[in-house]
Amino acid sequence: MAAGAGITGADQAPILTVTLNPALDLSTSAEQVVPDIKLRCEAPAVDPGGGGINVSRAISRIGGRSTALVALGGGTGTQLGRLLNEAGLPVLRINAPGDTRQSLSVTDRTTEKQFRFVLPGPEWAAADVADALDAVAAAAVPGSIVVLSGSNPPGVPDDFVLRLCARLRGRPVRLLMDSSGAALALAARGKVRLAVLRMDDAEAEGLAGRKLPERRDTADFASALVAAGAAQTVVIARGADGNIAAGPDGRWHVEAHRVPIVSKIGAGDSFVAGYALAIARGRGVAEALGLGAACASATCMMPGTGLCRPDDVMRLYQERVVTPI
């Protein structure tokens, strides 16, 4: 493949990202983060956030296209929607049952440690869940990739993805899920047949009930999830040791790039963005892993919630190291 071919190009399948629990992300810094005193912070950077939104933002930055279906409510939701429009992202808005949440990250400039404060979001009722299912089902056009990334707001049942799969049954739509907790456990039991299921190493070890110290251990567990019907392809992030995928294209490992870590916020979502865009353009899993890793590492180089820069992604993608296991 020509250098950068996984990034540039016009032909791609439609991508729909779903964010039921978005956040207005504020990031700032203080000289020190200590208790009991007023902490004088720098003027905050303000970005639209939430798993699916970050995926769409990163896809746009690397030359791809997606539509972001987002639940917004109240004054915070209005501000977040304005930021999405300013970013040039196509948005399908559904009404949230309350004010959109905020999240705050504060970097201690003395230690360079980052503190993240995440609020829960408004409580959803059964009617709100039904409306969201209707909206996603209507927006998921044939041939599209639907990305479910991030947490569910309070009141949304753990089996939301199962209900969505039932609504989409029979349609040529590929579901990519990057979630956690009970929703992830449900998917891992084979209750949902996804195209791609992604998790991190701690989540994988929790599901496995044991440590997965070596790459082969992780690959074996990913293969077991595929065999159990969780997904066609399972991707497990191993932090600084990169990412592993198992599925019909074999078992692969991609190295994590050695870059200066400024902020890890959005790195996982950026990985999903690169992976989703690569498969939307017909690339295989090895190239999808390479583009995902490049996006994640490029995001780690950016402060706050800035996400990846396209030049960094291009350079890191050209340096990718992807090997079979």
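Going along each chain's sequence as written, the residues are numbered from 1 onward. Side-chain atom pairs in this predicted model are given and counted only at pLDDT of 80 or more, local residue features only at pLDDT of at least 70, and totals for whole chains, interfaces and linings cover all residues. The side-chain quantities take in all heavy atoms of the structure and omit both hydrogens and water.

- An unreviewed UniProt entry lists the chain under the name Phosphofructokinase, with Paracoccus solventivorans as the source organism.
- UniProt positions are given in the numbering used here, feature names are shortened, and annotations may be inferred rather than shown by experiment. As its UniProt record puts it under Sequence similarities (unreviewed entry), the chain is described as follows: "Belongs to the carbohydrate kinase PfkB family."

### Overview of the overall build of the chain
Part 1 of the argument: The secondary structure content of the chain amounts to ten helices and 14 strands.
Part 2 of the argument: Atoms counted for the radius of gyration: C-alpha only. Globule rule: 2.2 Å times residue count to the power 0.38. Its C-alpha atoms give the chain a radius of gyration of 19 Å, near enough to 20 Å, the size a compact globule of 325 residues would have.
Part 3 of the argument: Along the first, second and third principal axes, the C-alpha atoms of the chain reach 55 × 45 × 45 Å.
Part 4 of the argument: Each of the 325 residues in the chain was classed as buried or not, and the buried ones make up 53%. Secondary structure is summarised from DSSP: a helix means a run of H or I of at least four residues, a strand means a run of E of at least two, and numbering begins at the N terminus for each. The buried label goes to any residue with under 20% of its type's maximum accessible area, the exposed label to any with over 50%, and the partly exposed label to all in between, with areas taken from a 1.4 Å probe on protein chains only.

### Thoughts on the packing of aromatic side chains
Part 1 of the argument: Ring geometry is summarised as follows: Phe, Tyr and Trp rings, the Trp one being its six-membered ring, pair when their centres sit within 6.5 Å, and such pairs are stacked at plane angles under 30 degrees, edge-to-face over 60 and tilted between the two. One pass over the structure, following the stated rule, counts one aromatic pair.
Part 2 of the argument: With a centroid separation of 6.1 Å and 25 degrees between ring planes, the pair formed by Phe 271 and Tyr 275 is classed as stacked. Placement of the pair is Phe 271 and Tyr 275 together in helix H8 (residues 267–280), with a separation of four residues, close to one helical turn. For the pair Phe 271 and Tyr 275, a shared accessibility class is recorded, and that class is buried.
Part 3 of the argument: Taking the ring centre of Tyr 317 as reference, the NZ or CZ of Arg 320 above it sits at 4.0 Å. Any Lys NZ or Arg CZ found within 6 Å of a ring centre and within 35 degrees of that ring's normal is scored as a charge over the ring.

### What about the sheet that holds strand S7 (residues 114–118)?
Part 1 of the argument: Note on pairing: two strands pair once DSSP finds at least 2 bridges between them. Within the open sheet, the four strands sit side by side as S3-S2-S6-S7. Their pairing is mixed. If you trace the sheet from one side to the other, it starts and ends with strand S3 (45–49) and S7, each paired once. Pairs of neighbouring strands in the sheet enclose a mean axial angle of 20 degrees, with direction left out of account.
Part 2 of the argument: As paired elements, strand S2 (residues 23–30) and strand S6 (residues 101–108) share eight bridges and run parallel to each other. Following the sheet pairing, Thr 28 is matched in S6 by Val 106.
Part 3 of the argument: It only takes one pair of heavy atoms within 4.5 Å for two residues to be counted as in contact. In this description, a line fitted to the C-alpha atoms serves as the axis of each element, helices being fitted only across the stretch in contact, and the angle between N-to-C directions of two axes falls anywhere from 0 to 180 degrees. Running at roughly 90 degrees to S3, helix H2 (residues 74–86) makes contact with S2, S3 and S6 of the sheet.

### Considering the sheet that holds strand S4 (residues 67–72)
Part 1 of the argument: Pairing is mixed in the open sheet, where ten strands are placed in the order S5-S4-S1-S8-S9-S10-S11-S12-S13-S14. Two strands lie at the open edges of the sheet, namely strand S5 (91–95) and strand S14 (322–324), each paired on one side alone. Each strand of the sheet is rotated relative to its neighbour by a mean of 20 degrees, with strand direction disregarded.
Part 2 of the argument: Strand direction decides the pairing type here: strand S1 (residues 15–19) and S4, joined by four bridges, are parallel. Following the sheet pairing, Val 18 is matched in S4 by Leu 69.
Part 3 of the argument: Docked against the sheet, helix H4 (residues 160–168) engages strand S8 (145–149), strand S9 (174–178) and strand S10 (194–200), running at close to 175 degrees with respect to S9.

### Regarding the nonpolar core
Part 1 of the argument: Remark: nonpolar core denotes a set of buried residues (Ala, Val, Leu, Ile, Met, Phe, Trp, Tyr, Cys) joined through side-chain atoms within 4.5 Å. Among the nonpolar cores identified, the biggest contains 46 residues, and Val 146, Leu 194, Leu 197 and Val 234 are the most heavily contacted of them.
Part 2 of the argument: If one sorts the elements of this core by residue count, helix H3 (residues 126–139) sits on top with six residues.

### Here we look at the environment of Val 146
Part 1 of the argument: With respect to the helices and strands, Val 146 occurs in strand S8.
Part 2 of the argument: Between the C-alpha atoms of Val 146 and Val 18, which are 128 residues apart in sequence, the distance is 7.4 Å.
Part 3 of the argument: Non-local contacts of Val 146, meaning those with residues more than four positions away in its chain, are made with Leu 16, Val 18, Val 136, Ala 140, Val 173, Arg 174, Leu 175 and Leu 176.

### Let's talk about the pairing of S5
Part 1 of the argument: Two strands pair when backbone bridges link them, and S4 and S5 are joined in this way by five bridges, in the parallel orientation. Looking at S5, one finds that Leu 69 is bridged to Leu 92.
Part 2 of the argument: In this fold, S4 hands off to H2, which returns the chain to S5; that crossover is right-handed. The path from the first strand over the helix to the second decides the hand: if it runs clockwise while the strands point away from the viewer, the crossover is right-handed.

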